[in-house]
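Observations on the three-dimensional arrangement
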Amino acid sequence: NRTRMLWVSEGFTVYYEWIALRRAGLLDAEDVLNGSGGAGGFRGLSLTLAAYENSPGHLYQTAAEASWNEWDQPSFGGSNRGGPRLTISYYEKGPVLAALLDLKIRHESQNKKSLDDVMRGLYKEYYQEKKCGFTDQEFREMCERMAGATLDEEFDGACTTKPVNYPKYFDYAGLDIVMPKELAGGAFGAMVRDNNGKLAVTAVEPISSAAQAGLAAQDEIVTADGAAVNAASFNQLLDSKKPGDAIEVVYSRAGATHTAKIALGRKMDNSTFAITPQPHPTALQAAILNDWLRGP
C-alpha cells in the first residue's frame, strides 16, 4: 500500500527511540542532541541532520516522495545503489522533522502541548474510536489542533526541498545550532592525489556522492567529464561546478574500467551541526527544553 507518510510512520519511530531512551534514563540530553558518532556510536539529532543535509539527494527528493517511491526504489539509508544518491532516507529526515514539529507545537502552545499529544490524539480518535487509520490531512489537522496554529512551513519541510531554518526551531528551546558554512564549488566526497602519473583515490567519505557511486580507496580516476585529469585539474573542475551538478567519472579498479555519474554535494567547511544551550534562555525556552529532553 503506497503512502506519503513513511516519514511519519518510520521516521517518527527513530525520533521516539531518542525520546524514550532519554525518559528511561539510558541517554542524557547531550546524547539526544549530538550523539557520539563513530563505529557503534549513538547517532543523535545533529548527526542525523548532518547525514541528511550533506547528501545531494536532499536537493532532489522530498520526505513525502521518498515515502511514496519506497516500493520502486528502496531508499533505506537514502541510497540508489550503483548510481548517484538522488534520493533521501525518511529514516534521516523523518526524525528531524519530528523534532522540529515537536518544538513548534510546544512553542505555539506555550509548552502546554507537544508531539506526544498529537500521537495520543491520533491513537484515541482514529484507532480506538473510529477503528481506522488516518489520512495525511487528518494527521496535519491533529498537529495544528495541538499547536493552535497553522503549520504551513513545517509541512513544507516534508513536501518540498526548501531549505529549513534550523536556528529558528532550536531557538524555541533556548538552543543554538552551528550551521556549516557553504563554500564555492561542488563536493565530490573523496580525497585524491597524483601517483606516478595517475590520479588515485586515497579515501572516500562514508556519506558522500563518491561513496554512493561506488568509488573506493585505491581506485584510479581515468577521466572526468571526458578529459584526462590530475589532482589540480580535477579540483578545478569541482570548483567550477555547483551542488546538484553531475560529473561523469571513468575510473579503473583491478584492471577493469567503470563509469559513474556522480551528483555533487555541497562543499562545506564543517560537516557537523553542533547544538548547544544558549547562556540566557527565557522562562519559556527553559521550560520547553526541560520538558522536551526530560529524564526519568
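See the structure shown above.
Quick look at the structure, then. (Residues numbered from 1 in each chain as written. Predicted model: local features only at pLDDT ≥ 70, side-chain atom pairs only at ≥ 80, totals over all residues. Heavy atoms only, no water.)

A few points about the overall build of the protein chain
Along its length, the protein chain carries 13 helices and 10 strands. Computed over the C-alpha atoms, the radius of gyration of the protein chain is 21 Å, within 12% of the 19 Å expected from 2.2 N^0.38 for a compact globule of 296 residues. Summarising its shape, the C-alpha atoms of the protein chain cover approximately 70 × 45 × 30 Å along the three principal directions. Relative to its 296 residues, the protein chain shows a buried fraction of 46%. Long-range pairs, those at least 24 residues apart, make up 65% of the contacts in the protein chain between residues at least 6 apart in sequence. Carbon and sulfur atoms make up 51% of the accessible area of the protein chain, which totals about 14,300 Å². Across the protein chain, the mean location of the 30 positive side-chain charges is 2 Å away from that of the 37 negative side-chain charges. (Helix = DSSP H or I, 4+ residues; strand = E, 2+ residues; numbered from the N terminus. Rg over C-alpha atoms; globule rule 2.2 N^0.38 Å. Buried < 20%, exposed > 50% of the residue type's maximum accessible area, 1.4 Å probe, protein only. Contact = heavy atoms within 4.5 Å. Areas by Shrake-Rupley, 256 points an atom, 1.4 Å probe, with all protein chains shown as cover. Lys, Arg positive; Asp, Glu negative; His and termini not counted. Charge placed at Lys NZ, Arg CZ, Asp CG, Glu CD.)

Observations concerning unusual backbone geometry
For Gln110, which is not glycine, the phi torsion reads 60 degrees and is therefore positive. Of note, Gln110 is situated in the loop between α6 (90-108) and α7 (115-129). The phi torsion at Asp225 lies on the positive side, around 55 degrees, for a residue other than glycine. Structurally, Asp225 is set in the loop between β5 (220-224) and β6 (227-228).

What about the nonpolar core?
In terms of nonpolar packing, the biggest core is built from 52 residues, with Trp7, Leu101, Val118, Phe139, Phe170 and Trp292 touching the most fellow members. Per-element accounting of this core gives the leading share, 9 residues, to α6. Counting 21 residues, the second largest nonpolar core, distinct from the first, contains Leu199, Val201, Ala210 and Ala231. (Core = buried A, V, L, I, M, F, W, Y, C linked by side-chain atoms within 4.5 Å.)

A word on the pairing of β5
Relative to β5, strand β4 (residues 198-204) runs antiparallel, the two sharing 2 bridges. Across the sheet, the residue bridging to Ala200 is Glu220, located in β5. Both β5 and β6 contribute to a ladder of 2 bridges, which runs antiparallel. Each residue of the ladder has a partner; that of Ala224, found in β6, is Ala227. Linkage of β5 to β6, two consecutive antiparallel strands, is achieved through a turn of 2 residues, within which Asp225 is found at a positive phi near 55 degrees. (Pairing = 2+ DSSP bridges.)

What to know about the pattern of salt bridges
Applying the stated rule across the entire model yields 22 salt bridges. The partner of Lys124 in a salt bridge is Glu129, with the nearest N and O atoms 2.5 Å apart. Judged by its relative accessible area of 47%, Lys124 falls in the partly exposed class. Put simply, Glu125 and Lys130 hold a salt bridge, and the shortest N to O gap is 3.5 Å. In this structure Glu125 comes out as buried when scored by relative accessible area, which is 18%. When salt bridges that share partners are traced, they join Arg23, Asp102, Arg106, Asp116, Asp291 and Arg294 into one network. (Salt bridge = Lys/Arg side-chain N within 4 Å of Asp/Glu carboxyl O.)

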